[in-house]
Amino acid sequence: MSFNQDILSRDTSLYPVIIINKDEDNAIYISTNSTTIGDQYYSPILLNVPSLKESIDIEKRNYKISNITLSISNYEHNGERISEKAGDSSLINQSVDIYWISPSVSTIGDGSGDENNAKHIYTGWVLRYDMDSDNVKLVVEDRSQAKLHRDVPEMLP
């Protein structure tokens, strides 16, 4: 079976996995479930399933930037807290990638279209965060507006 077949069934078992700072050695792997995908373990410390909402007001030419808030447990899991994984470096401007996982997913993948890859649904950057002894709250912002912004009319060379 593939991801596409998994989502066609009446009952789905989808859950998110999140990679913070994906391309670095100090990447943080979390999920709502304890899972291993492609030899990488994801800690079950994510307390909420992030929801995404985007809107465009064509009349006023406004695009609402998609922000999500991640609540992460700061309790010790496998001998380490999320605040310790972050270490001395700030989480501000760290990349955040969110994927949906189904029962047949075996790899995160690179977007090549393999049917056993997880579905990449969001990329953002940590805008701000709050930490206490129990929880870590990350506010993550989509940066698509920075890439898509154009002055209209655009001047041609």
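Conventions adopted
- Residues numbered from 1 in each chain as written.
- Predicted model: local features only at pLDDT ≥ 70, side-chain atom pairs only at ≥ 80, totals over all residues.
- Heavy atoms only, no water.
- Helix = DSSP H or I, 4+ residues; strand = E, 2+ residues; numbered from the N terminus.
- Contact = heavy atoms within 4.5 Å.
- Core = buried A, V, L, I, M, F, W, Y, C linked by side-chain atoms within 4.5 Å.
- Buried < 20%, exposed > 50% of the residue type's maximum accessible area, 1.4 Å probe, protein only.
- Pairing = 2+ DSSP bridges.
- Axes fitted to C-alpha atoms, helices over the stretch in contact; angles between N-to-C directions.
- Phe/Tyr/Trp six-rings, centres within 6.5 Å; stacked < 30°, edge-to-face > 60°.
- Polar contact = N/O pair within 3.5 Å; in protein donor to acceptor, adjacent residues only side chain to side chain.

Caption draft 1: The overall build of the chain, seen in detail. Tallying secondary structure elements over the chain gives three helices and ten strands in all. When the helices and strands of the chain are placed in sequence order, the string is α-β-β-β-β-β-β-β-α-β-β-β-α. Within the chain, residue pairs in contact and separated by at least 24 positions form 57% of the contacts whose partners lie at least 6 positions apart.

Caption draft 2: Geometry of the nonpolar core. If you look at the biggest cluster of nonpolar residues, it comprises 19 residues, and the most contacted ones within it are Ile-18, Ile-30, Leu-70, Ile-72, Val-96 and Leu-138. Secondary-structure elements contributing two or more residues to this core are strand E1 (15–20), strand E2 (28–31), strand E7 (67–73), helix H2 (82–86), strand E8 (95–101), strand E9 (119–131) and strand E10 (135–141). Ignoring any residue separated from it by four or fewer positions in sequence, one finds Ile-30 in contact with Val-17, Ile-18, Ile-20, Tyr-42, Ser-43, Ile-45, Leu-46, Ile-72 and Ile-82. Judged by nonpolar contacts, the second largest core, of twelve residues, contains Tyr-15, Ile-19, Tyr-29 and Ala-118.

Caption draft 3: Spatial organisation of the sheet that holds E7. Pairing within the open sheet is antiparallel, and its six strands lie in the order E2-E1-E8-E9-E10-E7. Strands with a single pairing partner mark the edges of an open sheet, and in this sheet they are E2 and E7. Along the sheet, successive strands turn relative to each other by an average axial angle of 30°, direction set aside.

Caption draft 4: Spatial organisation of unusual backbone geometry. In this model, Asn-78 sits at a positive phi of 55°, which is unusual for a non-glycine residue. Notably, Asn-93 is not glycine yet its phi reads approximately 65°, a positive angle. By the element assignment, Asn-93 lies in the loop between H2 and E8. Relative accessible area serves as the criterion here: at 47%, Asn-93 is assigned to the partly exposed category.

Caption draft 5: Main features of the packing of aromatic side chains. Considering all chains together, one arrives at one aromatic pair under this definition. When the ring of Tyr-29 is compared with that of Tyr-42, the centres are 5.4 Å apart and the planes differ by 90°; the resulting orientation is edge-to-face. One end of the pair, Tyr-29, is in strand E2; the other, Tyr-42, is in strand E4 (residues 40–42), with 13 residues separating them in the sequence. Look at Tyr-42 and you get buried, because its relative accessible area is 1%.

Caption draft 6: A look at the side chain of Asn-74. Looking at the secondary structure, you find Asn-74 in the loop between E7 and H2. In this structure Asn-74 comes out as buried when scored by relative accessible area, which is 3%. A polar contact is formed between the side chain of Asn-74 and the backbone nitrogen of Ile-82, at a distance of 3.5 Å. A polar contact is formed between the side chain of Asn-74 and the backbone nitrogen of Ser-83, at a distance of 3.2 Å. Contacts of Asn-74, omitting those with residues within four sequence positions, involve Arg-81, Ile-82, Ser-83, Asp-132, Ser-133, Asp-134, Asn-135 and Val-136.

Caption draft 7: How the structure looks around the environment of Leu-14. Mapped onto the elements of the fold, Leu-14 is located in the loop between helix H1 (3–8) and E1. When its relative accessible area of 33% is taken as the criterion, Leu-14 is described as partly exposed. Spatially, the C-alpha atoms of Leu-14 and Ile-101 are 5.4 Å apart, while their sequence positions differ by 87 residues.

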